[in-house]
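What the coordinates show
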Amino acid sequence: MARLTGEGEDAAHRARALAAHLGDPLRPEGPLTYAASVRDDREQRFPAESLAALDNWGYRAYQVPAEHGGRLTSLEDLLTIGRVIAERDPAVTLIANSPLGAAMPVWLAGSAAQRRQVADAVLGGAYVALGITERAHGADLLASETTVRREGGAYVIDGEKWLINNAAQARFVCLLARDPDRTGMRSLSFVLVDLEELPAEAYEILPRVPTHGVRAAQIGGIRFHSARVPASALIGRAGAGLELAAASLSVTRTLVPALSLGVLATALRCCTAFLAERRLYGGTATDIPYVREELAAALVDLRAAEAVARACARAPHVLPDLVPVTSAVAKYLVPKVVEARMRKLSVVLGARSYLREGHWSGLFEKLRRDVRLFGLFDGSEPVVLSSLAAQASCLDAPADPRRADALFARGGPLPSLFGQDTGPFADDDPVTAGVEETGAALERLGAAHGDSVLCQAAAALRAAAPRVRTEALDALDPRSLAGQQFADRYARLFAATCLARTAPDGDGPPAPWLGSGIFTLLEPGRRMPAGTAHLLWEDVARLARPGTEPADGTAGLELVAQGGESR
C-alpha cells in the first residue's frame, strides 16, 4: 500500500503566502512582478533575482519529494503554487520547476544513492537538465544518435542533445542515450551525468537557442566527447530508457497546465483592468456587450481548465493506472484552450496587445508569446494526441465510475507520487465510464434550478460518449489524421466529464458558468449565451477592483493605475 504523505498545510494557504512574498504581478514593485518579467524578457537574461526570491521563500523544497528531504507531497499542491509564479512570469516557472521535472527519471527509478545525491544538490541550489531530444530527430527517441556504451566499470558517452532547459546552469544531466550494441525498443538507457565530475574536454555547452517566447529561459544543448561516467550512473535498468522516458513525461506533462493557467489569469486581469477604464463611445469599453461577453467567456475558460488540471494532477497519486490518459488530456487540452482564448483577448484588447509601452509595458504581448510554447514542449500536440489515441482500448473495457471519485475530492493527504506503478497503457477509463450517469444527474440539477444551458450541456455530454466509444473500436493509426481527430474528441469528452463531476452533490445550485464550461471543452467555438455573461460579469469585474482576491484564492492581487497607462 502506498504511503500517505501530507504536511497538514493547505495548498491555497501556501499559494497566498507565496503571492504575498512575490508581490502583485501588476504592480511595479516586488521581487517578481511585471517590471522584472518584462525586463528579463527584453534583455533575454537569466532571471537570477526572481529565482533568488523563490529560493528565499523556500520553493526549492517543493522540487524534492518529501521522502528525500524536500516538501513535495502532491502534484496538486505544486500545480497551485506553480501557477502563482506563472501568473508573474512563465519563464521563471519553467526554470524553477526544472529540478523536479528534469530529475524525474531519478525520482522514479534512481538508486537510493542517486536520489540522495540529487536531492542534496537541488536543495543546495543546483539545477538539473534533461537530455532527451536531438536536433535531427525531435520526438523520435529511438533514432537517437547519442550513444552510451559499457567499458569495464564505466559508461562512455558520445553525442549531442539539443533544446535542453538550463543546459548552461545544470550540475546534473539525466541523459537518454542508445547502446550501440542494442537495437529496437530496448536500445535506450538513462544515465545520471554529474558535470562537475567530468573533465572540461569531455563535454561542451552549446550556444543558447533564441526563442520567440520565454526569452529569459536558457535553452541550449550539450555535446559529449567520450565522457566517462561510473557504472553507478545508470538510472534504473539498462535498456529501459524508453519506458522511463514515457513515465517521466507522463508526470511532467501533468504540471504544464500551471503555466497556461497562470498566463490566462494575468492576461484576463490585464484586459479587464484596462478596459474598465478605457473611455469609448460615451462610456467605458466594458459597457460594450461584446467586450463583456468575451471577458466573461475568458473567465469560463479559466475555471473549466482549472477543474480539468486539478483532477489530472491528482491522478498520479490516486489513479496511477490512468495516467497515460490524464497526462495527455491535461497537456493537450489546457494549453489549447488557453492559447485560443489569448487570441480572442488580443482582439478585445486591440492595439494594446501589440504595444511594448504603456499597459504594463507590453506584458500581454509577452504572455501571448510565452503561451505558444506550452503546447510544444514535453511533447507537441501531434505527439500527445498520438499517445492518447494509443489508449483507445481502455474505452472498450468495463470500468467502475466510483473508482474515479478520488480525482474529484478536495483536500486531505494523498498517496506518495513515487513508488506508484504507472504503465504505458491504461486498462480502463472509470471517468468516462460514468458519463451517462453524470449527464443525467446534471440534467436533473439544471432542471431543478432553471439552468437551461446546463441541461443542454448535459445532453451534449451524453450524446458525445457513444461516438467516441464507437471510434475507439476501430483500429486507428495513432499518427493518422483520423487517429488524431479521435484523440481530440476523446480528450474533450474526458475533460468535460471531469468538469461535470465537480458539480455540487445534493440540492446545491450549480455554478452559473458550469454549462458554458462544459461546452468550452466539448464544443469549442460555441458562443456563450449573453445571459450567462450577465450572470458572470460581477465576478469578472472583481478582477479590476483594488483589494480583491481572485476566485482561486491566490490573494493579494490588487490592481493599481501605477501598473497601467495614462488614460
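Above: the structure in question.
Predicted model, so just to flag it, every value in this text is computed and none were measured.

Pairs of aromatic rings are described using the distance from one ring centre to the other and the angle between the two planes. Enumeration over the complete set of coordinates arrives at 6 aromatic pairs. Centroid distance Phe46 to Tyr127: 6.3 Å. Interplanar angle 85°. Geometry classified as edge-to-face. Of this pair, Phe46 sits in the loop between α2 (34-43) and α3 (48-57) while Tyr127 sits in strand β2 (residues 127-131), and the two are 81 residues apart along the sequence. Judged by relative accessible area, which is 22%, Phe46 ranks as partly exposed. With relative accessibility at 10%, the residue Tyr127 sits in the buried group. Both rings, one in Tyr490 and one in Phe494, keep their centres 6.4 Å apart while their planes meet at 85°; by these two values the pair is edge-to-face. You can see Tyr490 and its partner Phe494 sitting in helix α17 (residues 481-500), 4 residues apart, about one turn around the helix. An identical accessibility class is assigned to Tyr490 and Phe494; each is buried. Connected via pairs of aromatic rings, a cluster forms that spans Trp57, Tyr59 and Tyr62. Across the ring face of Tyr127, the terminal group of Arg60 is positioned such that the distance to the ring centre comes to 4.6 Å. The ring centre of Phe519 lies 3.8 Å from the NZ or CZ of Arg526, which sits over that ring.

The topology assignment puts Ala309 in helix α11 (residues 289-318). The spatial distance from the C-alpha of Ala309 to the C-alpha of Val435 is 19 Å, given a sequence separation of 126 residues.

What counts and what doesn't
- Residues numbered from 1 in each chain as written.
- Predicted model: local features only at pLDDT ≥ 70, side-chain atom pairs only at ≥ 80, totals over all residues.
- Heavy atoms only, no water.
- Phe/Tyr/Trp six-rings, centres within 6.5 Å; stacked < 30°, edge-to-face > 60°.
- Helix = DSSP H or I, 4+ residues; strand = E, 2+ residues; numbered from the N terminus.
- Buried < 20%, exposed > 50% of the residue type's maximum accessible area, 1.4 Å probe, protein only.
- Lys NZ or Arg CZ within 6 Å of the ring centre and 35° of its normal.

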